[in-house]
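The lines below spell out each chain.
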Amino acid sequence: MPQLNKLRTALPGGPGGNTAALPPARLRTALTVFFALDGFLFAGWVVRIPAIKHQTGASASTLGLALLGVSAGAVITMMLTGRLCHRFGSHAVTVVCGVLLSLSIALPAQTHSALSLGLVLLVFGAAYGGMNVAMNSAAVDLVAALRRPVMPGFHAAFSLGGMIGAGLGGLVAGGLSPALHLFFLTGIGLVVTALAGPELLRHPAPRAPEQADAPSAGKPARPLDGRARKVVLLFGVIALCTAYGEGALADWGALHLEQDLHARPGIAAAGYSLFALAMTAGRLSGTLLLERLGQTRTLVAGGATAAAGMLLGSLAPTAWPALLGFAVTGLGLANIFPVAVGRAGELAGPGGVAAASTLGYGGMLLGPPAIGFLADWLSLPVALTTVAVLAGAAAALGYGARKAAHN
């Protein structure tokens, strides 16, 4: 069982290092492309939510119920994807889910009621959830082989893809219908999967020497002891707290800027793009932060920063301070999720990734419906302050996890 401490950085072949060959650079690049594609497609959908809300005639609460379809589909497949990765390999499952996600993103724009929207979002959520567990499992294997905490780099690609997808959505929001826009994204997704997928399928997941006795694809995972289960659960809850904020800003950030702060549609769409840009910058520096500060300080500082940023973003009286708050929130949340999922994967392999991801993405996907109900009951700005509350909780739990992380 891998030790729950800071990832080692010994050079391959050096004293205490990994004598096995490093994973092919092209394999790492292909996996990075899938992370970017995932963020690109998801952001392309979320920036069109205001238009699809108008198209379906949904209220805030009924839209929240429809968005629950994404949550339900994702959580169900996340519970199954860990087993599929053990049987067929995380690389193959990533490619299949990439195809399904690309096809399903065109469906929401074809709906004209909240009920039909919720049903097609079940399909979209299933593909999204499966892809996230599979590609994170593949990334954990690469991190173990490289012996460097490079997981934030993969999630930086997700954020960069989200920034590009949101930026493109903002540019075309005024002149292109949601149906044409999302159909165009389907084509892009299928082309990217066709180009990057064969590289993943050609290479098996790399394994570090200490993983020689670990379960391989097609074999059941060893059961975890009670302490290990608790640690996986702890990191899953940390992932949930921070992913709640990502989901809330993705689905409600543009609406808050446009509806409450009277920003133009292009500025409103830029809110998520700015948030994604800040997350990308934070994650690109994530490896350096983890090597310099360790996991506990990174988690605590990130949660506290995100809490302060979201209080500004949700309660600011005008759009520009709110945009600044969104950016600060992105910087704070940037490395919490990748650290949490990576630690769970180190401990329990694809099953640990699936468990932490189910909790984490459950927060991302269950958060928007909760925000919708709170917005109807109170107001959208007040509902968004729950992001700050959970970011603070992530900081507290990160500090509480210091004994498990030995930082």
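All values reported here derive from a predicted model rather than from experimental measurement. All residue numbers refer to position in the chain's written sequence, counted from 1. Given that this is a predicted model, residues contribute local features only at a pLDDT of at least 70 and side-chain atom pairs are listed and counted only at 80 or more, while totals for whole chains, interfaces and linings are drawn from all residues. As a convention, hydrogens and water are excluded, and side-chain values are obtained from all of the structure's heavy atoms.

With respect to the overall build of the chain
How we decide: For helices the rule is a DSSP run of H or I covering at least 4 residues; for strands it is a run of E covering at least 2, with both sets numbered from the N terminus onward. Under the scheme applied here, a residue whose accessible area is under 20% of the maximum for its type counts as buried, over 50% as exposed, and between as partly exposed, the area being computed with a 1.4 Å probe on protein chains only. Contact definition: two residues touch when any of their heavy atoms are within 4.5 Å.
The helix and strand tally for the chain stands at 14 helices and zero strands. Walking the chain from its N terminus toward its C terminus, one meets helices and strands in the order α-α-α-α-α-α-α-α-α-α-α-α-α-α. Taking all 407 residues of the chain together, 57% fall into the buried category. In the chain, 85% of the contacts between residues at least 6 apart in sequence involve partners at least 24 apart.

Concerning the packing of aromatic side chains
Centre-to-centre distance and the angle between the planes together describe a pair of aromatic rings. Note the threshold: Pairing of aromatic side chains requires ring centres within 6.5 Å, counting the rings of Phe and Tyr and the six-membered ring of Trp. Pairs whose planes differ by under 30 degrees are stacked, by over 60 edge-to-face, and all others tilted.
In the structure shown here, the tally under the stated rule is four aromatic pairs. Following the ring pairs from residue to residue traces out a cluster consisting of Phe42, Trp45, Phe124 and Tyr128.

As for the nonpolar core
Test applied: Working definition of a nonpolar core: buried Ala, Val, Leu, Ile, Met, Phe, Trp, Tyr and Cys residues. They are joined through side-chain atoms within 4.5 Å.
Among the nonpolar cores identified, the biggest contains 108 residues, and Leu31, Trp45 and Leu257 are the most heavily contacted of them. Looking at which element gives the most residues to this core, the answer is helix α5 (residues 114–146), with 16 residues. If we ignore the near neighbours within four places in the chain, the residues touching Leu257 are His262, Ala263, Ile267, Ala268, Gly271, Ala319, Ala322, Leu323 and Phe326.

Focus: the packing of helix α4 (residues 90–104) against α5
In plain terms, the rule: Fitting a line to C-alpha atoms yields each axis, with helices limited to the stretch in contact; the angle taken between N-to-C directions then spans 0 to 180 degrees. By definition in this entry, angles of less than 35 degrees are roughly parallel, angles greater than 145 are roughly antiparallel, angles of 65 to 115 are roughly perpendicular, and the rest are oblique. If you view the pair so one helix is near and one far, a crossing is left-handed when the near helix is turned anticlockwise from the far one by less than a right angle, and right-handed when it is turned clockwise. The nonpolar class holds Ala, Val, Leu, Ile, Met, Phe, Trp, Tyr, Cys and Pro. Asp, Glu, Lys and Arg form the charged class, and all remaining residues, Gly among them, are polar.
The geometry of α4 relative to α5 is characterised by a closest axis approach of 8 Å and an angle of 150° between their N-to-C directions. What the angle tells us is that α4 and α5 run roughly antiparallel. In this structure, α4 crosses over α5, and the sense of that crossing is left-handed. Where α4 approaches α5, its residues Ser90, His91, Val93, Thr94, Cys97, Gly98, Leu100, Leu101 and Ser104 are matched on the opposing element by Val123, Phe124, Ala127, Tyr128, Gly130, Met131, Ala134, Met135, Ser137, Ala138 and Asp141. Of the residues belonging to the contact of α4 with α5, the class tally is twelve nonpolar, seven polar and one charged.

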